[in-house]
Amino acid sequence: DNLGRSSGLIKAASAAGGGKIGQVLQSMKLAPEAFSESASVQDISDLTINITPSATDSKILIMSSISGYSAGGSMTFTIQSDSTGSFINIGMGTEASRDNQSFSGNLYTGDATGTGQMHYNMVATYLHSPAVNSAVTYKICVIAENTLYINKKEDDGSNEDVGVSHITVMEVLA
């Protein structure tokens, strides 16, 4: 049966010695947050997390989900990493122009006048090799080309919070 074959594959993979999870950390953003148009990188509060890999050959699996919307314009989402004393974008393309470039899409709802229930989730997964066994900081950032709302639906006048955003990191042992 398929369960038996799957179980055998899992045993074979774990017998090879790698791919075990060493630690899991998560940071949740429960409150809404608004970002004004800016060409600068802006940190999304509560979506920063620190992890210390146990070995230099460990990898860090980064998973995030951002909830919200922007009614006009686009934005660039990025995961930034600091393992050397300065933050760098990871998992991004190499396009010279960052206009409309994003780690995993955007929360643009278009001209959604009268659609007060709209909000989107932007999901990202990335396997990073920091090559250190000292603290590494990961954070989710945005460059907003128009007003952006995190954890909020298209404005219907109620200011209700509708989403939860998070970043989760897992150390994958070599």
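Above this text you will find the structure in question.
Residues numbered from 1 in each chain as written. Predicted model: local features only at pLDDT ≥ 70, side-chain atom pairs only at ≥ 80, totals over all residues. Heavy atoms only, no water.

Student: Outline the overall build of the chain, supporting the account with residue identities and numerical values.
Tutor: Counting its regular elements, the chain contains one helix and 10 strands. Order of helices (α) and strands (β) in the chain, N terminus to C terminus: α-β-β-β-β-β-β-β-β-β-β. Within the chain, the proportion of its 174 residues that are buried is 39%. At a minimum sequence separation of 6, the contacts of the chain that also span at least 24 residues come to 81%. Accessible area for the chain stands at about 8,900 Å²; split by element, carbon and sulfur atoms hold 51% of it. (Helix = DSSP H or I, 4+ residues; strand = E, 2+ residues; numbered from the N terminus. Buried < 20%, exposed > 50% of the residue type's maximum accessible area, 1.4 Å probe, protein only. Contact = heavy atoms within 4.5 Å. Areas by Shrake-Rupley, 256 points an atom, 1.4 Å probe, with all protein chains shown as cover.)

Student: Quick rundown of the side chain of E171? Include the residues and the values.
Tutor: Along the chain, E171 turns up in strand β10 (residues 165-172). Here E171 sits buried without a salt bridge, and the closest side chain of opposite charge, K59, lies 12 Å off (N-O distance). In terms of polar contacts, E171 uses its side chain to reach the side chain of Q23, at 2.9 Å. Every residue in contact with E171, bar those within four places of it in the chain, is listed here: K20, I21, G22, Q23, I51, T52, P53, S54, A55, S58, K59 and I60. (Lys, Arg positive; Asp, Glu negative; His and termini not counted. Salt bridge = Lys/Arg side-chain N within 4 Å of Asp/Glu carboxyl O. Polar contact = N/O pair within 3.5 Å; in protein donor to acceptor, adjacent residues only side chain to side chain.)

Student: Help me get a handle on the nonpolar core, residues and values and all.
Tutor: Side chains of a nonpolar character, in soluble globular proteins, are inclined to be buried together. Ranked by internal contacts, the top residues of the largest apolar core, which has 22 residues, are I44, I62, F77, Y138, I140, I167 and V169. Element by element, the count of residues in this core is highest for strand β8 (residues 136-144), at five residues. Setting aside residues no more than four positions away along its own chain, I140 makes contact with D43, I44, L47, S64, I66, F77, T78, I79 and I167. (Core = buried A, V, L, I, M, F, W, Y, C linked by side-chain atoms within 4.5 Å.)

Student: Tell me about the pattern of salt bridges, residues and numbers included.
Tutor: Taken as a whole and assessed by the stated rule, the structure comprises three salt bridges. With its nearest N and O atoms 2.9 Å apart, the salt bridge here joins E33 to K29. Each of the two residues, E33 as well as K29, counts as buried. A salt bridge links K29 to D46; the nearest nitrogen and oxygen atoms lie 4.0 Å apart. Separated by 17 residues along the polypeptide, K29 in strand β1 (residues 21-29) and D46 in strand β3 (residues 42-51) bring together distant segments of the chain. Here K29 falls in the buried class, since its relative accessible area comes to 1%. A single salt-bridge network, built from bridges that share partners, covers K29, E33 and D46.

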